[in-house]
Structure formats: C-alpha cells, structure tokens
Amino acid sequence: MMWLNWRQFRIQALVAVGALVVAAAYTAYLGGDIRDAYDARQAACRDQADCAQATSQFRSAYQNTLLFLATGLALIPAVIGTFWGAPLIARELENGTHRLVWNQSVTRSRWLLTKVLLVGLAAMALTGAAAALLTWAARPFDEVVKEEFSTFVFGARDVAPIGYAALAVTLGTVAGLLLRRTLPSMAVTLVVFLAFQFFFPNVVRPSLIPPDRATLPMSVEAINGAQNLGSIGGGSVIGGVKMPHEPDAWIAQTSPLRTKDGKTLDGAEFNSCLDSPPKTGRGGTFGDTAVCLAKHDLHIDVRYHPSSRYWAFQWLETGIYLALSGVLTAFAVWRIRRRVS
C-alpha cells in the first residue's frame, strides 16, 4: 500500500525536493549576506547616532526581501493543501479507482490513513525545512528589528509552519472527500485555508495566553515614538507604540487616546492637533502635533505580551493546528467508512 502511494506521489515529491534545493542555495547566500551586513552594523555602532543610522540602513536593505520570502513561505501550505491534499481522495473518487483498492485486502480506513500520512508528513517536512532555512537566514535581522510577533514573521519562523502544512493537507483531503470532484475541492481548500490563516492570527492568537495590561502616558516623546496617528476610519487613535520598560513586547490591543478622566479624546480636538497644530518648532516624527496632543494629558490602555512568550505562542499555535488536523482526519475516516460507496 505504501509503495502504491509512493508511486502516485513520487513526481510531486521530486519537484518539491528540487524546489527545496534551490531555496536552500538562495537562503544560504542571503543568510551570509545578512550576516556580513550585521557585522558591518555592529562595527558602525560607535555611538547612539551612528548606531541608529546603521540600523536604519541595515533594516531597509533586507526588510522587503525578507517580507517577500515570508509571504512566499506562507503560501507554501496553501499550495500544498490545494495541489496535494485536495486531489488526494477527490481524484480517486472522481475516476472510480478507489473501488479497485477496496476490492483487495486493504480496508478503507487503512487506504485513507496511509495516503494522508504519506502526503502529510511530506508536506510537514517540506514546509518545516523551508521555515528552518528562512529562520536561519533572517536570524541577525530578527535580532535587530525585533518584530517576531508580526503576522508574517511569526508565521514564517520556527515550528508554526509545520502545523499550517498539516492542516492544509487534511483540510484538502476532507474537501475532496465531501465534494468528490478535484477542481471544486481545490478551489474550496484554497479559499477556506487562506480565510482561516487570516482569521487565526488576528482573532485567536492574541487570546491564546491572557495578555498583560498597562496604561501608558502619552508624552511628547511617547507620541513621537509611535508609528502612526489617526486611521482611515477616523478617531483619536495611535498605532505602533512601544512599551517603555519592554520595547520588544507584542502590543495586541491599543485603546484610543484618552484624557485624564478616562474619556476618549474628542475627534475635533484630535484633528485640530493633527491638521493645524500651534507652531513650536519641535522636531521628531510628529513634531508640533505631538506637542499639541501632549498638552491634553493623554494616555492609552494597552494589552500586551512580553517577548518571553514567543515560544509559548509558537508551540500553542502549532499544537492547535495539529489537533485540528487530527480532528479532520478522524472525520475523514468516519466519513469514508460510513458514507462513501
């Protein structure tokens, strides 16, 4: 049975190995280049001003490349689920070849589990190896930038991608089992998996561990240290703030700007400081706007996770994805034994 499945899967496996070899060669080159640039940055950090400039140059040199690679890695499980998982059972049912196997001594459950095990382990090995390569190449950059909790970075590092691959394969298998047509199963797998990959990090991940809470005063320096003010939807909001005592912490939720009595800063006052602040000549990211807002004695309430929780989140998320894969596999076994003829 395993030999038959290998014969059916060998072309996909060889293509995947070839792609992994190319990826390994590129990441080896990129990782060496990043390490050389990291050493140059370290040598340039003679004082705070020089270090800030060297860090900015180091970040701008590799940020887009690593973001592109992280996006590509995020698509690997989606592609695997679509082109490996969805046709795994759907093509057999569509062509009727499953009857030939079932008329032998092989049970339906063994037939299904062997297929899922072979393809699932291959998918996890491929995705895990790609994630390990990217994690190694980007390590000096990640040590400097400290954005390991950002959506794309978190999902493209360490062990989490292994769970994504397992879920993608089992999701595709179940879709094929239910729809019994290859192309519709591929389309459903791709849409559902991508939707889940958007839902989980934005809705579920921040609550996997109860966040800590803090109140941050919005001084001129704190406002200038933020990444953005305002939003497309309007409102007195600030984004990209850092925890003073732990700048590497993941801020999962930020309240609007609030006055001393706890009320949200009036939108008209916020827009006035944003659009036409009194001229003070103050420098910084937001300059006069920061001075104008700070006069209102503002603060924000945040929910955050210390950077020390990174591995806890990695293992929890991987475990959840593997558990969901197990549930889908159990459902597939039940379905094929009782509902598929």
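Located above this text is the structure these notes cover.
Residues numbered from 1 in each chain as written. Predicted model: local features only at pLDDT ≥ 70, side-chain atom pairs only at ≥ 80, totals over all residues. Heavy atoms only, no water.

Right, let's get into the pattern of salt bridges. Applying the stated criterion across every chain, the model contains six salt bridges. Ionic pairing is found between D212 and R309, a salt bridge with its closest N-O pair at 3.1 Å. You can see D212 sitting in strand β1 (residues 212-217) and its partner R309 sitting in the loop between β5 (299-305) and α11 (310-338), a full 97 residues away along the chain. By relative accessible area, D212 is classed as partly exposed at 27%. Judged by relative accessible area, which is 17%, R309 ranks as buried. With a shortest N-O distance of 2.4 Å, D301 and R258 are connected by a salt bridge. Taken together, the positions of D301 in strand β5 and R258 in the loop between β4 (250-254) and α9 (267-275) put the pair 43 residues apart, joining distant regions of the chain. (Salt bridge = Lys/Arg side-chain N within 4 Å of Asp/Glu carboxyl O. Helix = DSSP H or I, 4+ residues; strand = E, 2+ residues; numbered from the N terminus. Buried < 20%, exposed > 50% of the residue type's maximum accessible area, 1.4 Å probe, protein only.)

With that out of the way, let us pick up the packing of aromatic side chains. The tally for this structure, following the rule as stated, stands at 17 aromatic pairs. Taking the centre distance of 5.7 Å and the plane angle of 80° together, the rings of F154 and Y310 count as edge-to-face. Here Y310 lies in helix α11 and F154 lies in helix α5 (residues 151-154), a separation of 156 residues in the sequence. Of the residues examined, F154 reaches a relative accessible area of 0% and is grouped as buried. On the basis of relative accessible area, Y310 is assigned to the buried category, the value being 10%. Measuring from ring centre to ring centre gives 5.8 Å for F196 and F200, while their planes differ by 45°; the resulting arrangement is tilted. (Phe/Tyr/Trp six-rings, centres within 6.5 Å; stacked < 30°, edge-to-face > 60°.)

By the definition in use, this model includes one disulfide. Paired by a disulfide, C273 and C292 hold their sulfur atoms 2.0 Å apart. When the S-S torsion is -60°, as for the bridge of C273 with C292, the disulfide is left-handed. A residue pair is termed long-range when its members are at least 10 positions apart, and C273 in helix α9 and C292 in helix α10 (residues 288-294) qualify at 19 residues. (Disulfide = S-S within 2.5 Å.)

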